[in-house]
Amino acid sequence: MALHGKALALAALMCSAAPAMAEQRVLTFNSNASDPAPRAMFEQLAADFMAENPDIRVEINTFDHEGYKTAIRNFLTADPPDLITWFAGNRMKPFVDAGQLLDVSDVWEENGLKDSLGSTLSSMTFDDKQWGVPYTYYQWGIYYNKEAYATAGVEPATDWEGFIANCAAFKEAGIDCLTTGSKALWPVAGIFDYLSLRTNGYDWHMQLTNGEIPWTDDSVRAVFAEWAKILPYTTANHAAIDWQDAVANIVQGRAAHYVMGNFAVAAFRDGGMTDETLGFMSFPTINPDIPRAEEAPTDSMHIPAGAKNPDDAKLFLAFLARADVQTKMNEALGQLPVNAEASVGDDPFLQAGFEMLSTAEGGIAQFFDRDAPAEMAKAGMEGFQEFMVRPERLDAILDRLERQRQRIYAAAQ
């Protein structure tokens, strides 16, 4: 009888708990974080959110990173979840234009995000509305060999004129001023982006990648005119080498500078460089009247327009935007929190990148192959590489890119 009584008591307890459990709301979340570190980070993020919101259960559906790019177009139309991961800037714009993302400007207003996430405001805004919340990015900039500077007897310059003067000194010392590997094309897009951001500014850069500026325009030629100034000081065989080969040029002191993303720091260190020999700086100022913009590919989270639980999804976005949450997330990722009130560890390159991006009043570009449509990005990068090898062909290159611009963007209408 005692055992029977205990069973009845347990059943009664389960029945009394059932209504409370039934009230738990479900928040579905589709993620592209298939690699171990980001996948574990999102699982921890969901656990932390549920600990603060026990009436909400977060269910994560993880897709292969590459497969997600196709899957997102299907599930946004057929069966939208409540939250999705994606990317800022022009990568999210087609979904905004198609009415597939929810306007979350209220989340930004109610949580003061225009201040704390201010560096990415422009890349999350279309039609004066915000369409998601960024949670991580990483800086691009110039990594340099401090020993090469000592050999050439110069100091890092903050302006373009000083940088080019240093290039002459490096050449005199038998050192390439700038190295890159353009065999895979994408590294030279970073050089073009920074030259365009420093010559014409963020808004112009976005207009170009939006297809609003002809490639034959004088403002485009102005970018290539600045690029031409450093071509004589750039590693000659860049078209035959990959980005890792260019890392070796820096490590071995054959080159002084490399325009690259922060993920390359691991390769520099693997090659034997230390914090005493490896330096980092922002791309030099070309036009001092243009607010400083930076290059930082940004990952973001969005609410589909067809979300079944948009109210809880907005709670999640507000949670995601918090400084403490972004600090914890990016410690796991080894990247940078977007929230300017967050903190980073003692890695000097993460610290330098966090300061640089948090104070970029001119905006954050996403990288050429994220800001431009895929076909235009490929054509552009092929043109950049060709210009570096055959600068005398600039007119033909720009004419070709202009024809492609007219065709590609017309087809996208």
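Residues numbered from 1 in each chain as written. Predicted model: local features only at pLDDT ≥ 70, side-chain atom pairs only at ≥ 80, totals over all residues. Heavy atoms only, no water.

Draft legend 1. Up close: the layout of surface pockets. The computed volume of the largest pocket comes to approximately 950 Å³. If you list the elements that add at least two residues to the lining of the largest pocket, you get α3 (65-78), β3 (83-87), α4 (93-97), α17 (368-371) and α19 (394-412). Broken down by element, the residue count for the lining of the largest pocket peaks at 4 residues, all from α4. Among the residues making up the lining of the largest pocket, the classes are represented as 16 nonpolar, 8 polar and 8 charged. What the second largest pocket holds in volume is close to 430 Å³. In this structure, the second largest pocket is lined by 21 residues; those nearest its centre are Pro38, His65, Asp299, Leu333 and Gln335. (1 Å grid on protein atoms, 1.4 Å probe; cavity = no way out; pocket = protein on both sides within 12 Å on 5 of 7 lines; lining within 4 Å. Points joined across faces, edges and corners; volume = space filled by probe spheres on them. Helix = DSSP H or I, 4+ residues; strand = E, 2+ residues; numbered from the N terminus. Nonpolar A, V, L, I, M, F, W, Y, C, P; charged D, E, K, R; others polar.)

Draft legend 2. Representation of the packing of aromatic side chains. Within the structure shown, the criterion is met by 41 aromatic pairs. Taking the centre distance of 5.8 Å and the plane angle of 75° together, the rings of Tyr138 and Phe263 count as edge-to-face. Here the residue Tyr138 occupies a position in the loop between β6 (133-137) and β7 (140-145), and Phe263 occupies one in the loop between β9 (255-261) and α13 (265-270), the gap between them amounting to 125 residues. Phe263 sits in the partly exposed class, given a relative accessible area of 36%. For the pair Trp215 and Phe384, a centre-to-centre distance of 6.3 Å together with 45° between the ring planes defines the contact as tilted. Residue Trp215 is found in the loop between α10 (202-209) and α11 (218-228), and its partner Phe384 is found in helix α18 (residues 374-389); the two are separated by 169 residues along the sequence. In this structure, Trp215 and Phe384 share a single accessibility class: buried. Grouping aromatic residues by their ring pairs yields a cluster made of Phe192, Trp215, Phe224, Trp227, Phe368, Phe384 and Phe387. (Phe/Tyr/Trp six-rings, centres within 6.5 Å; stacked < 30°, edge-to-face > 60°. Buried < 20%, exposed > 50% of the residue type's maximum accessible area, 1.4 Å probe, protein only.)

Draft legend 3. Inspection of the state of the cysteines at higher detail. By the definition in use, this model includes 1 disulfide. Between the sulfur atoms of Cys167 and its disulfide mate Cys177 the distance is 2.2 Å. Every disulfide takes its handedness from the sign of the S-S torsion; for Cys167 and Cys177 that torsion is -55°, giving left-handed. One end of the pair, Cys167, is in helix α8 (residues 160-172); the other, Cys177, is in strand β8 (residues 176-179), with 10 residues separating them in the sequence. For Cys167, a relative accessible area of 1% translates into the label buried. Residue Cys177 is classed as buried on the basis of its relative accessible area of 1%. (Disulfide = S-S within 2.5 Å.)

Draft legend 4. Highlighting the nonpolar core. The biggest cluster of nonpolar side chains holds 131 residues, and the ones touching the most others in it are Trp215, Phe224 and Trp227. Excluding anything up to four places from it in sequence, Phe224 contacts Phe192, Trp215, Phe384, Phe387, Leu394 and Leu398. (Core = buried A, V, L, I, M, F, W, Y, C linked by side-chain atoms within 4.5 Å. Contact = heavy atoms within 4.5 Å.)

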